[in-house]
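Structural overview for review
These are the residues of each chain, in order.
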Amino acid sequence: MIKFFTSLRAFLPATFFLCSCYPSTAQAQTNKPLPQLGKNSIKEVIGAMTLEEKAKLVVGNGFHMPSAKLPSGPVIGQTQDKVAGAAGTTFGIPRLGIPSLVVSDGPAGLRIDPIRNHDSSKTYYATAFPVATLLASTWDTALVKKVGVAFGSEVHDYGVDILLAPALNIQRNPLGGRNFEYYSEDPLVAGNITAAIVNGMESNGIGTSIKHFAANNQETNRNTVNTIVSERALREIYLKGFEIAVKKSQPWTVMSSYNKINGTYTSEEYDLLTTILRKEWRFKGLVMTDWFGGKDPVAQMKAGNDLLMPGTPQQSQKIIDAVNHDSLDVKILDENVARILNIVLMSPTFKGYHASDKPDLKKNAEVSRAAAEEGMVLLKNDSNTLPIKSAKKIAVFGNTSYDIIAGGTGSGDVNKAYTISLLQGLSNAGYQVNNDLQKVYTDYLKSEREKHPKKSFFAEFMNPTPPIAEYAAGDDVIAKQAADNDIAVITIGRNAGEGRDRKVNNDFNLSDTEKTLIKDVSTAFHAKGKKVIAILNIGGVIEVASWRDEVDGILLAWQPGLEAGNAIADVLSGKVTPSGKLATTFPVSYTDVPSAKTFPGKEFPDQAVSGSFGRKQIPAEVTYDEGVYVGYRYYTTFDVKPAYEFGYGMSYTNFSYSNLKLSAATFNTNLTATIMVTNIGNVAGKEVVQLYLSAPAKMMDKPVEELKAFAKTNLLKPGASQTITFKIAAADLASFYAKNSYWIAERGKYTVKIGASSLNIKQTASFTLAKDIVVEKDHKVLVPEADINEMKPKNTF
């Protein structure tokens, strides 16, 4: 997103981004003191503003173009005055007491420049926290809130007012390039994890911007794609997470997305930004665009998209012209301005805070490590291979064992002081790592890097350097390692990010070299009665079914942040018992994915136009014909067996579920479900308890089950129990009936299913609803231009 654009000013004429920071309209000379923000009412402050000032306030400061040769890396215009490397700033009006605010990227850590003015005597590093897929895999909102508190403290200490995160788009397809930034395929998980981290972040007095609103589920043609989606799928899947986050955390801002929904750019869609977001959900903050999002600044103002980022003079001028020619009511512009000023009043900059530039990085690294440990998912553990207790000598295979991936690329990248490799982590944990094998890999990686000198961000974005191919360890190397070591660890790494989606071959699927490595290492070690463990250092889902039988254990480490190696070693050693569960399904094959045939849509190259930076913009569209059957909703309903189902995750201990009780056999206004979870194993551990609901499907087809609540137990010692209580409201029973634009709970029998995953249901109980309940009546908006032939289960509608 933003990092791409902030590096481009070296390639563009200065007039493209240059934006004056002072009003050009002379003010009438009066003896009356000017109103000041914070001392006078917002209405009075707006009344003292010129039209030009209003038109500039709703448009960011853009990028200032210096004449000097620019250094490589992100270069930010007006933000250089305050926070080098931040993504942008808002327009300030000093005469009215309105300061300029700083906004910065950072879904997994604040992204700013670590060195300023070529002076390395003082650094400005930030903590790389685990990526969103890992945080969601903790299923622990209390822990995620702690991450938010630590994260937000760095945002505050470095003088940033608004963090351009978190992102909570649905992981519709495993090839989505930014899935590592997104939490889950399920909106309940995504919404609640988002609310937790936002509440933690904003407890520091800084703002967040939840994004990308909405249905931004791919990077391919992201600026032009028209997402064609039904009202029901939009409401139940793609908007629901945002609704939960808004109602539970009231973030300062929401960022609109690049794409269109049913024919209109989201930043220009009144019914999305005003009717739904503000009128139905009661959102109180401001809406900003993604960087250069949308096309028509006047339509954006009318839609309720208050702030256009990063901002160009042309946008301000179009707004001025529209007001002067009566195509934009100044009252609408005043509303946009007022919402911005309300946020300015809350900001650290307005309150006079001067950045300390001294965050507690050591303490925050401890938070990052703890979160990483909680979100790793044990996928396989034959014969209790893990934890590694008796083995001391470890043969470590795989490129990313030595060059571990802490987080994703693009706006998700973090300038961190260090990253602990797996090799370092294992050594820190007291294991002996083979030095000969280490030298083989480090020499190989060094040689491969020298073939691709580091490029500027712009050059890298336009022509990405391919990832280093997996080292092909020879039979002799593997045989020697099998003879000299007690156990083998193989790390498989994947990275992705902004601007491009992943591919099936050599990305979702393992490369031939990776498959051969796994097979050959496993054969050699097994021949000597020794075990093999696979570590998945990935940001999104990959194929595992074809090779998992070769190894004895699989630990999904995700991209765990700067303490990666230490956190992985803590789980491998048993210092920490794994308790993560999948918040996204691992299919057997990509062809099993419900959106495989439609992702990422179709292009219309004959309609291509010249876009920014010399790149063609190709109109495109994608139809969400799977409807509400996304992720586990599809696999369970259509009886497609996944490799690892939603909610799945093993532990070093075992848990029993007992005594499920419902507070009533008939639903009235609400209902309570309680269940006892007991640790029946030999080590302490935590369990993620999931409540699914099966509902009557007379008026419309429905998934076999849907997640309605979840909770994580305390750390339970062997023999200890905990009673978990879930509350079920009428809204939890309801589905969106598009014909009447309401959420309705159908009368009939409902089954509560509580279990350890979407397929591993431990206890069930039923209740009845005597008559239909219309839970909520919504507006008839965002209707597709044509009917969508959505998939439906057999023998239904």
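Residues numbered from 1 in each chain as written. Predicted model: local features only at pLDDT ≥ 70, side-chain atom pairs only at ≥ 80, totals over all residues. Heavy atoms only, no water.

Quick notes on the overall build of the chain
The condition is simple: The numbering of helices and of strands both runs from the N terminus, where a helix is a DSSP run of H or I of at least 4 residues and a strand a run of E of at least 2. What makes two residues a contact is simply this: any of their non-hydrogen atoms within 4.5 Å. For this count, His and the chain ends are skipped, Lys and Arg are scored as positive, and Asp and Glu as negative. Where a charge sits is defined by one atom per residue type, namely NZ (Lys), CZ (Arg), CG (Asp) or CD (Glu).
In terms of helices and strands, the chain carries 23 helices and 29 strands. When its C-alpha atoms are laid out on the principal axes, the chain stretches across 90 × 70 × 55 Å. Of the contacts made within the chain by residues no fewer than 6 positions apart, 79% connect residues no fewer than 24 positions apart. Once the 87 positive and 81 negative side-chain charges of the chain are each reduced to a mean point, those two points are 4 Å apart.

Brief notes about the pattern of salt bridges
In plain terms, the rule: Salt bridges, as used here, are contacts in which a Lys or Arg side-chain nitrogen is within 4 Å of a carboxyl oxygen on Asp or Glu. Burial classification: accessible surface area is computed with a 1.4 Å probe over protein chains only, and a residue below 20% of its type maximum counts as buried, one above 50% as exposed, and the rest as partly exposed.
In this structure the tally under the stated criterion is 40 salt bridges. In this structure, Arg 222 and Glu 498 form a salt bridge, with 3.1 Å as the shortest nitrogen-oxygen distance. Of this pair, Arg 222 sits in the loop between β4 (207-213) and β5 (225-228) while Glu 498 sits in the loop between β13 (487-493) and α19 (504-508), and the two are 276 residues apart along the sequence. The exposure classification of Arg 222 matches that of Glu 498, with both residues buried.

A look at the sheet that holds strand β6 (residues 253-256)
Put simply, the rule is: Strands pair, by our definition, only if DSSP identifies at least two bridges between them. Only the stretch in contact is used when a helix axis is fitted, and all axes are lines through C-alpha atoms; the angle between N-to-C directions ranges over 0 to 180 degrees.
The strand order β1-β2-β3-β4-β6-β9 describes an open sheet built from 6 strands, whose pairing is mixed. Edge positions in the sheet fall to β1 (88-89) and β9 (286-288), since each has one partner strand and no second. Pairing analysis gives 3 bridges linking β6 to β9, with the strands arranged parallel. Among the inter-strand pairings, Val 254 is bridged to a residue of β9, identified as Val 287. In this fold helix α6 (residues 187-202) packs onto β3 (162-164) and β4, with an angle of close to 155° to the strand it touches most, β4.

Digging into unusual backbone geometry
Looking along the chain, the bond that leaves Ala 165 and enters Pro 166 is cis, with omega of 5°. Here Pro 166 shows up in the loop between β3 and α6. Geometrically, the link from Met 309 to Pro 310 is a cis peptide bond, its omega value of 0° lying close to zero. Among the structural elements, Pro 310 can be located in the loop between α10 (297-303) and α11 (313-324). Backbone geometry places Trp 139, a non-glycine residue, at a positive phi of 55°.

What about the packing of helix α7 (residues 231-238) against helix α8 (residues 240-249)?
Applied cut-off: Reported orientations rely on four angle classes, namely roughly parallel under 35 degrees, roughly antiparallel over 145, roughly perpendicular from 65 to 115, and oblique for the rest. Under the scheme applied here, ten amino acids are nonpolar (Ala, Val, Leu, Ile, Met, Phe, Trp, Tyr, Cys and Pro), four are charged (Asp, Glu, Lys and Arg), and all others, including Gly, are polar.
As a packed pair, α7 and α8 sit with axes 5 Å apart at the nearest point and diverge in direction by 45°. Taken together, the axes of α7 and α8 lie oblique to each other. Every residue of α8 that contacts α7 at Leu 234, Arg 235, Glu 236, Ile 237 and Tyr 238 is listed here: Lys 240, Gly 241 and Phe 242. Here the contact of α7 with α8 is composed, by residue class, of 4 nonpolar, 1 polar and 3 charged.

Focus on the nonpolar core
Convention followed: The nonpolar core is taken to be a set of buried Ala, Val, Leu, Ile, Met, Phe, Trp, Tyr and Cys residues, with the residues joined through side-chain atoms within 4.5 Å.
By size, the foremost hydrophobic cluster in this structure holds 158 residues, and its most contacted members are Phe 213, Phe 397, Leu 536 and Phe 586. No other element matches the 8 residues that α6 contributes to this core. Once you skip the residues sitting within four places of it in the chain, Leu 536 turns out to touch Leu 379, Ile 492, Ile 542, Val 544, Trp 547, Ile 554, Leu 555, Leu 556, Ala 557 and Trp 558. By size, the runner-up hydrophobic cluster in this structure holds 42 residues, among which are Leu 37, Leu 96, Met 301 and Val 337.

Topic: the sheet that holds strand β27 (residues 748-755)
Either a parallel or an antiparallel arrangement is found when strands of a sheet pair, and the pairing is made through backbone hydrogen bonds. Spatially, β23-β22-β27-β28 is the arrangement adopted by the 4 strands of the open sheet, whose pairing is antiparallel. For this open sheet the edge positions go to β23 (706-712) and β28 (761-769), each flanked by a neighbour on one side alone. Averaged over all pairs of adjacent strands, the angle between their axes in this sheet comes to 20°, without regard to strand direction. Pairing analysis gives 8 bridges linking β27 to β28, with the strands arranged antiparallel. Paired with Tyr 750 across the bridge in β28 is Phe 767.

Section: the side chain of Asn 485
Put simply, the test is: Counted as a polar contact is a pair of N or O atoms within 3.5 Å, where, for protein atoms, one must be capable of donating a hydrogen and the other of accepting one, and residues adjacent in sequence contribute only when both atoms are in side chains.
Locating Asn 485 in the fold gives a position in the loop between α18 (475-484) and β13. In this structure Asn 485 comes out as buried when scored by relative accessible area, which is 2%. Looking at Asn 485, its side chain comes within polar contact range of the side chain of Gln 481, at 2.9 Å. Every residue in contact with Asn 485, bar those within four places of it in the chain, is listed here: Lys 393, Ile 394, Ala 395, Asn 434, Phe 525 and Lys 530.

A few points about helix α9 (residues 270-280)
Among the 11 residues that make up α9, 8 are buried, leaving the element largely enclosed by the rest of the structure. When we look at burial in α9, the residues that qualify are Leu 272, Leu 273, Thr 274, Thr 275, Ile 276, Leu 277, Arg 278 and Glu 280. Near the N-terminus of α9, the side chain that reaches the backbone nitrogen of Asp 271, with its oxygen 3.1 Å away, is that of Glu 269. Arg 282 sits one or two residues past α9 and shows a positive phi near 65°.

Describing the environment of Ala 372
By the element assignment, Ala 372 lies in helix α13 (residues 361-375). Assessed through its relative accessible area of 0%, Ala 372 is described here as buried. Each C-alpha atom of the pair Ala 372 and Asn 221 lies 33 Å from the other, and the pair is 151 residues apart in sequence. When sequence neighbours within four positions are dropped, the list of residues in contact with Ala 372 reads Pro 130, Leu 134, Pro 560 and Ala 567.

Observations concerning the confidence of the model for the chain
Quick reminder of the rule: A residue's pLDDT is simply how confident the predictor is in it, with values from 0 to 100.
Per-residue pLDDT for the chain has a mean of 93; in total, 93% of the residues score no lower than 70. Taken element by element, the chain is modelled with least confidence in helix α1 (residues 2-6), mean pLDDT 48, and with most confidence in strand β10 (residues 377-381), mean pLDDT 99. Considering only residues more than four positions removed or in separate chains, one finds that residues 64-78, a stretch of pLDDT under 50, has 35 contacts.

With respect to the packing of α6 against α8
A pair of packed helices is captured by two measures, namely the crossing angle of their axes and the spacing between those axes. What counts is decided by this rule: The hand of a helix crossing depends on one turn: near helix anticlockwise from the far one by less than a right angle means left-handed, and clockwise means right-handed.
Between α6 and α8, the least distance of the axes is 8 Å, while the angle of their chain directions is 30°. Crossing hand, α6 versus α8: right-handed. Contacts between α6 and α8 involve Pro 187, Leu 188, Gly 191, Asn 192, Thr 194, Ala 195, Val 198, Asn 199 and Glu 202 on the former and, on the latter, Lys 240, Gly 241, Ile 244, Ala 245, Lys 248 and Ser 249. Among the residues making up the contact of α6 with α8, the classes are represented as 6 nonpolar, 6 polar and 3 charged.

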